[in-house]
Amino acid sequence: MKDIERLINPHILNMAPYSSARDDFKGEAEVYLDANESWFEGEVKCNRYPDPECVEVRKLLESVLSLPFEKTVLGNGSDEIIDLLIRIFCEYGKDSIMIMRPTYGAYKVFAATNNIEVVNVPLTPSLELDMDAIKSAIDKDKPKLVFICTPNNPTGKVYPLSQIEEIAKYNSAITVIDEAYADFAPNFESAVSLIDKYPRLCVMRTLSKAWGIAGARVGILVANEYIKSTVVKVKPPYNVSVLAQRAAKLVLSNPESVYSVRDEVLSDRERLQCEIAKLPFVREIIPSEANFLAVRVLDADELYKYLMERGIIVRNRTKEPFLDGVLRITIGSKIENEKLMEALLGYSK
Ligand SMILES: *Cc1c(COP(=O)(O)O)cnc(C)c1O
């Protein structure tokens, strides 16, 4: 574990964890008078503090998603996990993280709030990982965390697991694989399988996308036990609420309905892709393995505004590197997709 220890901020390494009432007593009892909670349950039934370790949710994550129980820790969305990892490994005002743009925007925001530099290694023009550039930037800039998003947001591209492994092997710091859209990629090869071989590699998942509970805020880190226990030490003890854990248990106990919505999204994605590709103002649709399409059009700003005026909001990514003219469109319900197509057919350029 020395290999991980040397990467952790010394003040984190040396701090004593907060011990909550739920940490001090772990068994089952008849009368709980240890946490200054209200005895009154009421209608919403969340008068008690949540389980800091989210044991029941993590058991379900193991049985349903094959995420090993001992290696998981939950966050208030995976956004909280990103922030925690930066705070654990990066020294304020001194260290850096690496990202490969265009990618998810939150990495650089959490870097900024923690006064951490961002090293950007752009994707290649065909939106693949630039392996040589990544390796030389690792050598030169020595980032503490290398974030790789696959399937990538906003391109929808999956990077080969062999490339993920190559980077994890090369990087002597921490490699974080953000698999928020994994559920949408058929035959997806998760980097979770690499954690035992590369203990400095971590994987993030979320219940916000395919699992349908973005509003509940449940994100997952899968990591080597030492990294995991450091995150447990640093995270606010009650970061995943009773209501969020209840929502997570509900959806994970009924995965069939989640899978059927997911399958519908996948078939609608194929259908929408065919229909949108025929439109005269569409230059390209980037092949996506997520629940959105990145569509390159003649004038993204104009189309964005046109759709907005018709009550349809998409994401304008035209200012991102290599994404000139690109709108990112989430696959919606049948009715929503129909409204989108109707509007697109009415737009001519
Ligand atoms: C949506 C998204 C997340 C956010 O997940 P939360 O669990 O809702 O915080 C993380 N990573 C990527 C790439 C995303 O697109």
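Below you will find a few notes about this structure.

### A few points about the overall build of the protein chain
Helix and strand content of the protein chain: 13 helices and 11 strands. Taking 20 Å as the expected radius of gyration for a compact globule of 349 residues, we find that the protein chain reaches 22 Å, a close match to that expectation. When the backbone C-alpha atoms are referred to their principal axes, the protein chain occupies close to 70 × 55 × 35 Å. Within the span of the protein chain, comprising 349 residues, buried residues form 52% of the whole. When the accessible surface of the protein chain is summed, it comes to about 16,700 Å², and 53% of that surface belongs to carbon and sulfur atoms. Counting 44 positive and 51 negative side-chain charges, the protein chain places the averaged centre of each group 3 Å from the other.

### Remarks on the sheet that holds strand β6 (residues 201-206)
With mixed pairing, the seven strands of this open sheet are ordered in space as β1-β7-β6-β5-β4-β2-β3. The sheet is open, and its two borders are formed by β1 (72-75) and β3 (117-120), each paired with just one other strand. Sheet twist, expressed as the mean angle between neighbouring strand axes with direction ignored, is 25 degrees. Where β1 and strand β7 (residues 219-222) come together, four bridges link them in antiparallel fashion. Looking at the pairing, glycine 75 lines up with glycine 219 of β7. Across the sheet, helix α9 (residues 225-234) touches β1, β5 (174-178), β6 and β7, and the angle it forms with β1 is around 30 degrees.

### Examining the environment of isoleucine 286
If you trace the backbone, isoleucine 286 turns up in strand β8 (residues 282-286). Classification of isoleucine 286 by relative accessible area gives buried; the value is 1%. Once the C-alpha coordinates of isoleucine 286 and threonine 155 are considered, the two residues, 131 residues apart in sequence, prove to be 6.7 Å apart. If we skip the residues at most four places from it in the chain, isoleucine 286 touches Leu127, Thr155, Lys157, Ala294, Arg296 and Leu323.

### Regarding the packing of aromatic side chains
Within the structure shown, the criterion is met by nine aromatic pairs. Relative to phenylalanine 40, the ring of tryptophan 39 lies with its centre 5.8 Å away and its plane at 75 degrees, an arrangement referred to as edge-to-face. With relative accessibility at 72%, the residue tryptophan 39 sits in the exposed group. Looking at phenylalanine 40, the relative accessible area reads 52%, which means it is exposed. Here the aromatic rings of tyrosine 181 and phenylalanine 292 are separated by 5.2 Å at their centres, their planes lie at 85 degrees, and the arrangement is edge-to-face. Of this pair, tyrosine 181 sits in the loop between β5 and β6 while phenylalanine 292 sits in strand β9 (residues 292-297), and the two are 111 residues apart along the sequence. Comparing tyrosine 181 with phenylalanine 292 shows no difference in burial state: the two are buried.

### Digging into the packing of helix α5 (residues 77-89) against α9
Where α5 meets α9, the closest approach of the two axes is 10 Å, and the angle between their N-to-C directions is 100 degrees. Put simply, α5 runs roughly perpendicular to α9. Contacts from Leu84, Leu85, Arg87, Ile88 and Phe89 in α5 reach Ile227, Thr230, Val231 and Val234 in α9. By residue class, the composition of the contact of α5 with α9 is seven nonpolar, one polar and one charged.

### Some thoughts on the site of the ligand
Around the ligand, the structure places 13 residues, and the nearest of them are Ser78, Asp178, Thr206, Ser208 and Lys209. At 2.5 Å from an oxygen atom of the ligand is found a side-chain nitrogen or oxygen belonging to threonine 206. In the complex, 94% of the free accessible area of the ligand, which totals 390 Å², lies under the protein chains. In terms of residue count, the dominant contributor to the shell around the ligand is α5 (three residues). Class assignment of the residues belonging to the shell around the ligand gives a composition of four nonpolar, five polar and four charged.

Definitions and cut-offs
- Throughout this description, residue numbers start from 1 for each chain and increase along the sequence as written.
- A pLDDT threshold of at least 70 governs which residues receive local features in this predicted model, and a stricter bar of 80 or more applies before side-chain atom pairs are shown or counted, although totals over entire chains, interfaces and linings include all residues.
- Side-chain calculation: all heavy atoms of the structure are included, whereas hydrogens and water are not.
- Helix and strand assignments come from DSSP, with helices taken as H or I runs of at least 4 residues and strands as E runs of at least 2, each series counted from the N terminus.
- In this treatment the radius of gyration is a C-alpha quantity, and the globule benchmark scales as 2.2 Å times the residue count to the 0.38 power.
- When a residue's accessible area, from a 1.4 Å probe over protein chains only, is under 20% of the maximum for its type it is buried; when over 50% it is exposed; and in between it is partly exposed.
- Note that accessible areas follow from Shrake-Rupley with a 1.4 Å probe, and for residues the cover is restricted to the protein chains shown.
- By the counting rule applied here, Lys and Arg register as positive and Asp and Glu as negative, while His and the ends of each chain are not counted.
- Working definition for charges: the position is that of NZ of Lys, CZ of Arg, CG of Asp or CD of Glu.
- A pair of strands counts as paired when DSSP detects no fewer than two bridges linking them.
- Comment: axis = line fitted to C-alpha atoms, over the contacting stretch for helices; angle = value between 0 and 180 degrees taken between N-to-C directions.
- Working rule for contacts: check all heavy atoms of both residues, and any pair within 4.5 Å makes them a contact.
- Here a Phe, Tyr or Trp ring, Trp counted by its six-membered ring, pairs with any other such ring whose centre lies within 6.5 Å, and the pair is stacked when the planes are under 30 degrees apart, edge-to-face when over 60, and tilted otherwise.
- In these notes the angle categories are as follows: under 35 degrees is roughly parallel, over 145 is roughly antiparallel, 65 to 115 is roughly perpendicular, and the rest is oblique.
- Note on residue classes: Ala, Val, Leu, Ile, Met, Phe, Trp, Tyr, Cys and Pro are nonpolar, Asp, Glu, Lys and Arg are charged, and everything else, Gly too, is polar.
- We define proximity as follows: a residue is near a molecule or strand when any one of its heavy atoms falls within 4 Å of that partner.
- Here a polar contact is taken to be a pair of N or O atoms separated by no more than 3.5 Å, where protein atoms must pair a possible hydrogen donor with a possible acceptor and residues adjacent in sequence count only if both atoms sit in side chains.

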